[in-house]
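Residue-level listing of the chains:
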Number of protein chains: 2
Amino acid sequence: MTVTITAFERSPDGGKGLARDTRVRWALEEVGQPYEVRLISFAAMKEPTHLALHPFGQIPTFEDGDLALFETGAIVFHIAERNVGLLPDDAKARARAITWMFAALNTVEPPILELVNARILEGDKPWSNERLPLVEDRIRTRLQQLSIRLGDAEWLDGAFSAGDLLMVSVLLRLKLPGLLGNHPNLSAYVARGEARPAYKRAFDAQLAVFTANG
Amino acid sequence: MTVTITAFERSPDGGKGLARDTRVRWALEEVGQPYEVRLISFAAMKEPTHLALHPFGQIPTFEDGDLALFETGAIVFHIAERNVGLLPDDAKARARAITWMFAALNTVEPPILELVNARILEGDKPWSNERLPLVEDRIRTRLQQLSIRLGDAEWLDGAFSAGDLLMVSVLLRLKLPGLLGNHPNLSAYVARGEARPAYKRAFDAQLAVFTANG
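Residues numbered from 1 in each chain as written. Chains lettered and ligands numbered in written order. Predicted model: local features only at pLDDT ≥ 70, side-chain atom pairs only at ≥ 80, totals over all residues. Heavy atoms only, no water.

- Looking up chain A in an unreviewed UniProt entry gives the name Glutathione S-transferase family protein, with the organism given as Azospirillum endophyticum.

**Focus: the overall build of chain A**
- The helix and strand inventory of chain A stands at 8 helices and 4 strands.
- Walking chain A from its N terminus toward its C terminus, one meets helices and strands in the order β-α-β-α-β-β-α-α-α-α-α-α.
- Against the 2.2 N^0.38 benchmark of 17 Å for 214 residues, chain A shows a C-alpha radius of gyration of 17 Å, consistent with a compact globule.
- Taken along its principal axes, the extent of the C-alpha atoms in chain A is 50 × 45 × 30 Å.
- Sorting the 214 residues of chain A into buried and exposed places 56% on the buried side.
- Taking the intrachain contacts of chain A between residues at least 6 apart in sequence as the baseline, contacts between residues at least 24 apart amount to 68%. (Helix = DSSP H or I, 4+ residues; strand = E, 2+ residues; numbered from the N terminus. Rg over C-alpha atoms; globule rule 2.2 N^0.38 Å. Buried < 20%, exposed > 50% of the residue type's maximum accessible area, 1.4 Å probe, protein only. Contact = heavy atoms within 4.5 Å.)

**Description of the side chain of Arg-131 of chain B**
- Within the secondary structure, Arg-131 of chain B is located in helix α5 (residues 128–150).
- Owing to a relative accessible area of 2%, Arg-131 of chain B belongs among the buried residues under this scheme.
- A polar contact is formed between the side chain of Arg-131 of chain B and the side chain of Glu-122 of chain A, at a distance of 2.7 Å.
- With residues near it in sequence (within four places) discarded, Arg-131 of chain B still touches Glu-114, Glu-122, Trp-127 and Arg-131 of chain A together with Glu-114, Ala-118, Glu-122 and Arg-138 of chain B. (Polar contact = N/O pair within 3.5 Å; in protein donor to acceptor, adjacent residues only side chain to side chain.)

**Quick word on the sheet that holds strand β4 (residues 67–70) of chain B**
Residue and element names in this part refer to chain B.
- Read from one edge of the open sheet, 4 strands run β2-β1-β3-β4, paired in mixed fashion. Each edge of the sheet is formed by a strand with only one pairing partner; in this case those strands are β2 (35–40) and β4. The mean inter-strand angle of the sheet, taken between neighbouring strand axes irrespective of direction, is 20°.
- Sheet analysis places strand β1 (residues 3–8) next to strand β3 (residues 61–64), joined by 3 bridges and oriented antiparallel. In the strand pairing of β3, Val-3 is matched with Asp-64.
- Packed on one face of the sheet, helix α3 (residues 72–82) meets β3 and β4 and runs near 130° to β4. (Pairing = 2+ DSSP bridges. Axes fitted to C-alpha atoms, helices over the stretch in contact; angles between N-to-C directions.)

**A short note on unusual backbone geometry**
Residue and element names in this part refer to chain A.
- For the bond from Ile-59 to Pro-60, the omega torsion is 0°, close enough to zero to count as cis.
- One can find Pro-60 in the loop between α2 (48–53) and β3 (61–64).
- Residue Glu-71 is not a glycine yet carries a positive backbone phi of 75°.
- With respect to the element layout, Glu-71 can be found in the loop between β4 (67–70) and α3 (72–82).
- Of the residues examined, Glu-71 reaches a relative accessible area of 4% and is grouped as buried.

**With respect to the pattern of salt bridges**
- One pass over the structure, following the stated rule, counts 42 salt bridges over all chains.
- We note a salt bridge from Arg-138 of chain A to Glu-122 of chain B, for which the minimum N-O separation is 2.8 Å. On the criterion of chain membership, the pair formed by Arg-138 of chain A in helix α5 (residues 128–150) and Glu-122 of chain B in the loop between α4 (91–120) and α5 is interchain, its members lying in two chains. Residues Arg-138 of chain A and Glu-122 of chain B agree in their burial class; the two are buried. (Salt bridge = Lys/Arg side-chain N within 4 Å of Asp/Glu carboxyl O.)

**Points about the nonpolar core**
- If you look at the biggest cluster of nonpolar residues, it comprises 120 residues, and the most contacted ones within it are Leu-171 of chain A together with Leu-171 of chain B.
- Each residue touching Leu-171 of chain A, except ones within four places of it in the same chain, is listed here: Val-108, Leu-143, Leu-146, Leu-180, Tyr-189 and Val-190 of chain A. (Core = buried A, V, L, I, M, F, W, Y, C linked by side-chain atoms within 4.5 Å.)

**Quick look at the packing of aromatic side chains**
- Summed over all chains, the structure comprises 20 aromatic pairs over all chains.
- Considering the side-chain rings of Trp-26 of chain A and Phe-160 of chain A, the 5.9 Å spacing of their centres and the 35° angle between planes classify their relative orientation as tilted. With a gap of 134 residues between them, Trp-26 of chain A in helix α1 (residues 21–31) and Phe-160 of chain A in the loop between α5 and α6 (162–172) connect regions that are remote in the sequence. Each member of the pair, Trp-26 of chain A as well as Phe-160 of chain A, carries the same accessibility label: buried.
- On the numbers, 5.1 Å between centres and 80° between planes, the contact of Phe-70 of chain A with Trp-100 of chain B is edge-to-face. In this pair, Phe-70 of chain A is assigned in strand β4 and Trp-100 of chain B in helix α4, connecting two distinct chains. This pair shows no difference in class: Phe-70 of chain A is buried, exactly as Trp-100 of chain B is.
- Of the aromatic side chains, those joined through ring pairs into one cluster are Trp-26, Trp-155, Phe-160, Tyr-189, Tyr-199 and Phe-203 of chain A.
- A cation over an aromatic ring shows up here: Arg-192 of chain A above the ring of Trp-155 of chain A, its NZ or CZ 5.8 Å from the ring centre. (Phe/Tyr/Trp six-rings, centres within 6.5 Å; stacked < 30°, edge-to-face > 60°. Lys NZ or Arg CZ within 6 Å of the ring centre and 35° of its normal.)

**Observations concerning the UniProt feature "domain: GST N-terminal" (unreviewed entry) in chain A**
- Under the present numbering, the feature "domain: GST N-terminal" (unreviewed entry) in UniProt falls on residues 8–87 of chain A.
- As annotated, residues 8–87 of chain A comprises 35% helix and 19% strand, and the C-alpha atoms at either end are separated by 28 Å. (UniProt positions renumbered as here; feature names shortened; annotations may be inferred.)

**A closer look at the interface of chain A and chain B**
- In this complex, chain A contributes 53 residues to the contact, which on the side of chain B involves 53 residues.
- Roughly 4600 Å² is buried in total at the junction of chain A and chain B, and carbon and sulfur atoms are behind 59% of that figure.
- Counting across the chain A and chain B interface gives 8 salt bridges.
- The interface formed by chain A and chain B holds 22 residue pairs in polar contact (both at pLDDT 80 or more) in total.
- Those elements giving two or more residues to the side of chain A that touches chain B turn out to be α2, β4, α3, α4 (91–120) and α5 of chain A.
- With 20 residues, the top contributor of residues to the side of chain A that touches chain B is α4 of chain A.
- When its residues are assigned to classes, the side of chain A that touches chain B shows 26 nonpolar, 10 polar and 17 charged. (Buried area = accessible area lost by both parts, 1.4 Å probe. Nonpolar A, V, L, I, M, F, W, Y, C, P; charged D, E, K, R; others polar.)

**Side note on the relation of the copies chain A and chain B**
- For the pair chain A and chain B, the superposition axis carries a translation of 0.0 Å, the fit reaches an RMSD of 0.0 Å, and the rotation angle comes to 180°. Both chain copies can therefore be described as sitting about a two-fold axis.
- Most of the interface of chain A is mirrored in chain B, where 100% of its interface residues are also at the interface. (Least-squares fit on C-alpha atoms with pLDDT ≥ 70 in both.)

Here's what the structure looks like:
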């Protein structure tokens, strides 16, 4: 049975790999699971056919036979749970790795999504210049806390896990705004993630879509 | 072995149950797991002792013997995975319930957190009145999509699950701003959650702390 995911037909970020299908591609590459991609236009994402798969009209989705999932974190968890390489065998270490998955998505990413909204949806508003530093400060607080916890470790808790995969993916959104710069250990952590062969294959696969479709 | 969670020593919301320990209390009540609560002050949350448990200096945490977890979603999942009542037995239904857990926390909650920040952290800013409707519109989009998916079903996917527990908890943040009003099916969904005996016990337990400590 072939796994099929959905991804944007045209890259919204010029091939930088920040669309969430890269996270799912990365997880599939880490565990060596082949997959097919169904490209979908921004218009088609809001059509009933896609909304039946993804009630919030986004990508990625995940189909494996008659199982259909949406929501990146859940898809990455599903892949991690059914394959070797993304979650530790030890029950306690596994629970801690899952903790980092949720921490990436529910504690670290929300202020970063605020910044994305502030720039993309409110960049032309009269308050934008005055407000952006406030939003960035909320991110800085989280980065400071994360930097302290990571210390000089390679990954967040022992071996590389789905928690690191999601945390690195979330932090990658901050490369361009340059917010990682104050924390060399976080920059190095993200670079270690990007250096993984599985990440490179995932990144190149989404870039190939951009190169082909613009 | 007794489970111990942490909660605010003083309720930041006047006993409305919106602090995240209520979500964990609710999960523990659903599965019938007794627990102890260690109350913690806002100052102590930023001290090294607590930061060792929770790197982002928040509540709740979860301790069971030598296993220590943080991050509400991860704690609820841990409870759901090790007990009966919060995740279906069928593998596919289980994966879909987990999808709703992540959807609640990473798709529905982030715009709601933006509204919380807009009101609490930026309520005195000159842009507040003009900006709030924009933030609320982003929530309305999500509510509309969620309302369509829920339809006239009792819960999001079959029987009540940890996905519903988290989604209801997230939506409860919108009761006071009155944003649920346009979607009677979502209001009824939240009311069904609040009517569960386990939710009532969890709500009363956090309220008792507020009543005792103010």
